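The primary structure of each chain is shown beneath.
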Amino acid sequence: MICGTLSYSAENNAKVKIAVMDFQSIGSDISKSEMGMAIAENLRTSLIDTNKFRVIERSALEKLFNEQKLQYSGAIDQDTAVKIGKIAGAERMVMGSVTKLGNTYTINVRFIDVATGEATKAKKVTGHSENQLPRMVDDIVLLLTDDAPSQQTRISEPRRVPDIQPASEK
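In this report, we go over the structure that sits alongside the text. (Residues numbered from 1 in each chain as written. Predicted model: local features only at pLDDT ≥ 70, side-chain atom pairs only at ≥ 80, totals over all residues. Heavy atoms only, no water.)

Turning our attention to the overall build of the protein chain. A count of helical and extended segments in the protein chain gives five helices and seven strands. Listing each helix as α and each strand as β along the protein chain from the N terminus yields α-β-β-α-β-α-α-β-β-β-α-β. Taken as a whole, the protein chain presents about 10300 Å² of accessible surface, with 49% of it coming from carbon and sulfur. (Helix = DSSP H or I, 4+ residues; strand = E, 2+ residues; numbered from the N terminus. Areas by Shrake-Rupley, 256 points an atom, 1.4 Å probe, with all protein chains shown as cover.)

Structure follows, in structure tokens:
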């Protein structure tokens, strides 16, 4: 039993402690903050699922904002996020936005080093349907955890492969 506890503790300490802020919702049809909140929530879950991060719960962040008499929203600046990250004991803050321009959705994400206030990693993923947003979040996580090539990722509709007829039917 003690070995299991020590193993869990050592594994837990090796993970980067991060806090994910609610994302801004920007664009012609994105007037609700719920989309940014939903993207951030999906991102939190996907980051936890990688087993590479210790993610501070949204409710804990919201409590810190209330204690500091700040408004918790995706529209806060980087300096305020770093301040809250330090208070929360986070090593990294994750900030971002979801935008819609025309028929294109883009998720932008930045990792901020709490000690320096510097953006250490940034990625964006684009897609052409609101239905693609959950998959876009998963792609962002792959890019942020270096489990995929580092490049802008475009999500496109699945291609249809033409039916191939046997030679005897031609």
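Back to the write-up after that little detour.
With that settled, the discussion passes to helix H4 (residues 78-88). Among the residues making up H4, those that are buried are Thr80, Ala81, Val82, Ile84, Gly85 and Ala88. Buried residues belonging to H4 abut strand S1 (16-20), strand S3 (53-56), helix H3 (58-67), strand S4 (92-101) and strand S5 (104-113). (Buried < 20%, exposed > 50% of the residue type's maximum accessible area, 1.4 Å probe, protein only. Contact = heavy atoms within 4.5 Å.)

So, about the pairing of S4. Consecutive residues of a regular strand have side chains that alternate between opposite faces of the sheet. By the criterion of burial, S4 is predominantly enclosed, with eight of the 10 residues buried. Pairing of S1 with S4, which is carried by three bridges, proceeds in the parallel orientation. Each bridged residue has a counterpart across the sheet, and for Ile18 the counterpart in S4 is Arg92. Here strand S2 (residues 24-27) runs beside S4; their pairing, made up of four bridges, is parallel. Following the sheet pairing, Ile26 is matched in S4 by Thr99. As judged from the 10 bridges shared by S4 and S5, these two strands associate in the antiparallel manner. Looking at S5, one finds that Leu101 is bridged to Thr104. (Pairing = 2+ DSSP bridges.)

Honestly, that's just the spatial picture; any functional story needs more than this.
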